[in-house]
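Analysis of the macromolecular model
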Amino acid sequence: MKARFGISIPPVASALPDVIDMALAADAEGLDLVGIQDHPYNAQFGDAFAVIGACLAATGRVSLYPGVANLPLRTPAMIAKQAATFDLLSGGRFELGLGTGAFESGVVAMGGPARKGRSALMAIAEGMAIIRAEWRTGQPVSVVGTEYTVQGIDGGPAPAHRIEIWLGAMGPHALDLIGAAADGWVAPLPNWLPWDQWPAANARIDAAARAHDRDPRAIARLAALPGVVSDRALHPDPHGTDPIHGSPEEWAEIIVRLARDAGFDTFVYWPPGFDVDQVQRFARLVVPLARKLLDDL
């Protein structure tokens, strides 16, 4: 199978040069993706979209995405405009991760809406519809919803390539929405959704896709893999919530299990801190082993 590999980086304001160095390392080492975490209410974080722009300008090959964009604090019409602009400036190296906001108290504290349950689900569905409508040039954008309404503007600009929309979610109805309408699932960290619940979540996405006459294989599945690439075998067994701490061979075996048993095709490493050496170890030692094993699936 063809798999993608990437890293996730927090946009810590006091360490922005380190953020750029991490993105440069991912680019130089041949990784496919760099995700920039988006938690605007975190006082230690800079703006994720500004950081993405800087990383796109500094790199030449790797794709960037917000992992995931905080929809309650960023209106869908503006997200569409920003995403298309990033994609045009970078020659098609932007993808869109989108979410309802992980910490409701932080969203509300910044003046955002307090959405739960159905209203949060409707917001993400309507947001996707607006974003996609705005990317269609020469057509009026008209989406009338319960959470968002956009009327009276023309679509455009179009992005340089077909930007995928990946949803970060874990509730059952959100997983159904991914199967019905999204281009991918950004699985949460295992401390939010334990490793052993990932296969059932992917199975629910598959069922929803089939119910809407979609091919489940067309929906990307991004696994979040926190941990350390060690020099020695430590026999990690990710079934609960713990990060991975193991040798390159053990990391590769876990990735293969996630592909074979849980349906993942994209593997995003969350290294400890701003550790370029760990990015290099993941790219040079883990990824080639995993690709070789995945070729046999």
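Thresholds, definitions, all that
- Residues numbered from 1 in each chain as written.
- Predicted model: local features only at pLDDT ≥ 70, side-chain atom pairs only at ≥ 80, totals over all residues.
- Heavy atoms only, no water.
- Buried < 20%, exposed > 50% of the residue type's maximum accessible area, 1.4 Å probe, protein only.
- Helix = DSSP H or I, 4+ residues; strand = E, 2+ residues; numbered from the N terminus.
- Pairing = 2+ DSSP bridges.
- Axes fitted to C-alpha atoms, helices over the stretch in contact; angles between N-to-C directions.
- Parallel < 35°, antiparallel > 145°, perpendicular 65-115°, else oblique.
- Left-handed = near helix turned anticlockwise from the far one by under 90°.
- Contact = heavy atoms within 4.5 Å.
- Nonpolar A, V, L, I, M, F, W, Y, C, P; charged D, E, K, R; others polar.
- Arc of directions from axis to C-beta.
- Salt bridge = Lys/Arg side-chain N within 4 Å of Asp/Glu carboxyl O.

Quick look at the pairing of strand S12 (residues 266-270)
Within S12, 4 of the 5 residues are buried, which leaves the element mostly enclosed by the surrounding structure. Note that strand S10 (residues 220-229) and S12 share 5 bridges and pair parallel. When the bridges of S12 are listed, Leu 222 appears paired with Thr 266.

Considerations on the packing of helix H3 (residues 76-90) against helix H5 (residues 117-134)
Put simply, H3 and H5 touch, their axes get as near as 8 Å, and they point 40° apart. By the angle between their directions, the pair H3 and H5 is classed as oblique. Every pair of crossing elements has a handedness; the one defined by H3 and H5 is right-handed. For the pair H3 and H5, contact is made by Pro 76, Ala 77, Ile 79, Ala 80 and Lys 81 and by Gly 127, Ile 130, Ile 131 and Glu 134, respectively. Tallied by class, the residues present in the contact of H3 with H5 amount to 6 nonpolar, 1 polar and 2 charged.

Section: helix H2 (residues 48-58)
Helical geometry: 3.6 residues make up each α-helical turn, so side chains three or four residues apart lie on a common side. What H2 keeps buried is the set Ala 48, Phe 49, Val 51, Ile 52, Cys 55 and Leu 56. Buried residues in H2, looked at end-on, bunch into an arc of 155°, giving them a common side. Tucked inside the fold, the buried residues of H2 contact helix H1 (16-28), strand S2 (33-36), strand S3 (63-66), strand S4 (69-70) and H3.

Description of the pattern of salt bridges
What the rule picks out here adds up to 12 salt bridges. Among the ionic pairs, Arg 162 bridges to Asp 183, the shortest N-O distance being 2.8 Å. Of the two residues, Arg 162 sits in the loop between strand S7 (149-154) and strand S8 (165-168) while Asp 183 sits in the loop between helix H6 (172-181) and strand S9 (184-186), which places them 21 residues apart along the sequence. Classification of Arg 162 by relative accessible area gives exposed; the value is 56%.

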